[in-house]
Amino acid sequence: MAEHAVVAERKRAFEVYDLVVEKTEDLTPRNKGLRFRLPPGKELNFKAGQFAQLFVPHNGKIRRTSYSIASPPRHKDFFDLCVTLVPGGASSTYLHAMKAGDRIQAMAPLGTFSIKDESRDFVFIATGSGIAPFRSMIHDLLDRNTTRTLHLIFGNRFEEDILYRREWEDLAKEHGRLKVLFTLSRADSKWPGERGYVQEKIAGFIPDLKEKNYLICGLVNMINAVQDKLLSLGVPKGQIHFERYD
């Protein structure tokens, strides 16, 4: 989740965990994957789509910054985050500098963005690091042997920006009910795939589009554009759900 940090004193409305960085991974030039291990004997029970707030030290205070959990709920002793490096962003700069063995505190789970209705097939629409909660959701649905068809429309600027690309391609090969479409808004001449914005791809990629549940995650402008497009295509508003990143 992009930074919506609040400098505040720690509150204990939810459980606070002492975490250890188990590993880090450069996912794209601007995105780092971090795996946080819970203390021995502790478990994090969360719903796919929820997020964690990390307590990032900054100028002698604690900066609480929220990131969607990118790993599925079957893993209870650790969770993954995908952190986009924001120019001048105190929290993302700190987290990108973390290495295995470093420690940090976090509060979790938080948020209500989750799968609540499995009576229809799903369409997941994301841009950039907005893919993080959908990685959790899609893995969770597949782990539970869903009978629903899952469509993923994932937009980025450049080919190198596609988060978890090999993972999505492998999952789509393994599970016939997962359909994946990548689209790039600033692709070079070598890109063989789709070009343009995610909202432009809905009608051509989604069959029986009025009969699906739509989950959208990304920046505000993208969410507004996708929602407007879905409504113009006749999708009932109650079947459209989203999580905004600032």
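All of these numbers come straight from a predicted model, not from anything done at the bench.

Criteria and thresholds
Residues numbered from 1 in each chain as written. Predicted model: local features only at pLDDT ≥ 70, side-chain atom pairs only at ≥ 80, totals over all residues. Heavy atoms only, no water. Helix = DSSP H or I, 4+ residues; strand = E, 2+ residues; numbered from the N terminus. Pairing = 2+ DSSP bridges. Contact = heavy atoms within 4.5 Å. Axes fitted to C-alpha atoms, helices over the stretch in contact; angles between N-to-C directions.

**Q** Lay out the environment of F55 with the relevant residues and their values.
**A** When you line up the elements, F55 lands in strand β4 (residues 51-58). Expressed as a C-alpha distance, the spacing of F55 and A106, which sit 51 residues apart in the sequence, is 5.6 Å.

**Q** Any chance you could break down the pairing of strand β2 (residues 16-28) for me, citing the residues and the numbers?
**A** Inspection of the sheet shows β2 paired to strand β7 (residues 103-110) by 5 bridges, in the antiparallel sense. Opposite V16, over in β7, you have M107 as the bridge partner. As defined by bridge partners, β2 adjoins strand β3 (residues 31-37) across 7 bridges and the pair is classed as antiparallel. Following the sheet pairing, V21 is matched in β3 by F36.

**Q** Please set out the sheet that holds strand β11 (residues 194-195) residue by residue, giving values where relevant.
**A** One open sheet holds the 6 strands; their spatial order is β11-β10-β9-β8-β12-β13, and the pairing between them is parallel. Where the open sheet ends on each side, the last strands, each with one partner, are β11 and β13 (240-245). Taken together, the 7 bridges between strand β9 (residues 150-156) and strand β10 (residues 178-184) define a ladder with parallel strand orientation. By the bridge assignment for β10, L150 is matched with L178. Contacting β8 (121-127), β9, β10, β12 (212-219) and β13, helix α2 (residues 132-143) crosses the sheet at an angle of about 155° to β8. This element, helix α5 (residues 220-232), spans β8, β12 and β13 of the sheet and lies at about 155° to β12.

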